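Structural description and commentary
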Amino acid sequence: MKIILLGAPGSGKGTVADQICAEFNIPHISTGVIFRDNIEKGTEIGKLAKQLIDNGSLMPDNITIALVKDRLLQTDCKNGYVLDGFPRTLEQAKALSKLTQIDAVIYINVPKQDILNRIENRMICTKCKKNFDKIIYKKSVCDQCGGKLEKRADDNLVAIEQRYDIYTKESQPLIKYYQKQMFEVAGSKTREETYKLVREFLKKRKC
Ligand code: AMP
């Protein structure tokens, strides 16, 4: 089962991806996580990512596509995967279509104001990268691995506005591109309600 999750930054793609991956036992491939790992390790890609990500800009298509291509060749991807944050441009979507055939595209649609509130309150585990909403989850360590929670460097209001503008310009065309095979779910519900709809869709698709 090869799945793409579409949606603005902060729409809950990461959470839905974690839920699908846990149930269907497939890897969660987040290009954002791959870039943040590179930043932590201080690689050449990480140095460029640090500059671009912190101000809310996108990484170049050629670098992003090459990283994903390599990742999809790893053995854990043989039964499928969930792509979270990729593709983000039409060029990436076209490159992906040459690499593989996707089984399902899920679009999580959340109004802009909800997105801004969510990103403002988002905390991330420094160890396992799980996301938390600090209004709902009051602790400072992860419930999954005990890692310390912190705010992402690009989760500040200036970068959020910039990321949202880029999303509107670069990523919204993907919604038209994938329209025929796309399942749209309103992401303003609770995590459980959103996932219930996604799960029903995947079961019906017999993915
Ligand atoms: P995310 O964790 O998905 O919100 O991604 C964080 C940041 O990583 C984005 O704001 C971009 O700077 C970069 N990034 C992640 N995925 C991509 C992608 N597919 N193409 C270009 N840049 C990306």
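Read on for an overview of the structure. (Residues numbered from 1 in each chain as written. Predicted model: local features only at pLDDT ≥ 70, side-chain atom pairs only at ≥ 80, totals over all residues. Heavy atoms only, no water.)

Here we look at the site of the ligand
Selection criterion: What makes a residue near a molecule or strand is one non-hydrogen atom of that residue sitting within 4 Å of it. Distance and chemistry together define a polar contact, namely a pair of N or O atoms within 3.5 Å, with one atom able to donate a hydrogen and the other to accept it when in protein, and with adjacent residues in sequence counting only for side-chain atoms on both sides. Exposure was quantified through the Shrake-Rupley algorithm and a 1.4 Å probe, taking into account, for residues, occlusion by the shown protein chains and nothing else. Elements are defined by DSSP. Helices are runs of H or I of four residues or more, strands are runs of E of two residues or more, and each kind is numbered from the N terminus. Three categories are distinguished: nonpolar for Ala, Val, Leu, Ile, Met, Phe, Trp, Tyr, Cys and Pro, charged for Asp, Glu, Lys and Arg, and polar for the others, with Gly belonging to the last.
The environment of the ligand is made up of 16 residues, and the closest members are Thr 31, Arg 36, Ser 57, Gly 85 and Gln 92. Taking Arg 88, its side chain carries an N or O atom lying 3.0 Å from a nitrogen atom of the ligand. One nitrogen or oxygen atom from the side chain of Gln 92 is found 2.9 Å from a nitrogen atom belonging to the ligand. Coverage of the ligand by the protein amounts to 96% of the 480 Å² it exposes when considered alone. Among the elements that take part in the shell around the ligand, helix α2 (residues 31-41) stands out by supplying four residues, more than any other. Partitioning the shell around the ligand into residue classes produces five nonpolar, six polar and five charged.

A short note on unusual backbone geometry
Trans peptide bonds make up most of the peptide bonds, and negative phi angles are found at most residues other than glycine. For the peptide bond that leads from Phe 86 to Pro 87, omega is -5°, which places it in the cis range. Secondary-structure assignment places Pro 87 in the loop between β3 (81-84) and α5 (90-99). The phi dihedral of Asn 25 is positive, around 55°, even though this residue is not glycine. For Lys 129, which is not a glycine, the phi torsion comes out positive at approximately 75°. Relative to the elements of secondary structure, Lys 129 occurs in the loop between β5 (122-125) and β6 (131-133).

Description of the nonpolar core
Note the threshold: To define a nonpolar core, start from buried Ala, Val, Leu, Ile, Met, Phe, Trp, Tyr and Cys residues and group those joined through side-chain atoms within 4.5 Å. The cut-offs for exposure are 20% and 50% of the maximum accessible area for each residue type, with area from a 1.4 Å probe on protein chains only; residues under the lower value are buried, those over the upper are exposed, and the others partly exposed. Any two residues whose heavy atoms approach within 4.5 Å are treated as being in contact.
With 52 residues, the main nonpolar core has Leu 6, Ile 20, Leu 83, Ile 106 and Leu 202 as its most contacted residues. Per-element accounting of this core gives the leading share, five residues, to strand β4 (residues 104-109). When sequence neighbours within four positions are dropped, the list of residues in contact with Leu 83 reads Ile 3, Ile 4, Leu 5, Ile 29, Val 68, Leu 72, Leu 96 and Ile 102. Counting six residues, the second-largest nonpolar core is a separate cluster that includes Cys 125, Phe 132, Cys 142 and Leu 149.

Here we look at the sheet that holds strand β7 (residues 149-150)
Formally: Two strands are said to pair when DSSP picks up at least two bridges between them. Axis definition: a line fit to C-alpha positions, over the contact stretch in the case of helices; interaxial angles, taken between N-to-C directions, run 0 to 180 degrees.
With respect to topology, three strands assemble into an open sheet ordered β6-β5-β7, the strand pairing being antiparallel. Edge positions in the sheet fall to β6 and β7, since each has one partner strand and no second. As paired elements, β5 and β7 share two bridges and run antiparallel to each other. The partner of Cys 125 across the bridge, within β7, is Leu 149. Contacts from helix α6 (residues 112-121) reach β5 and β6, with the element oriented near 45° to β5.

Read these as spatial facts, not as claims about activity.
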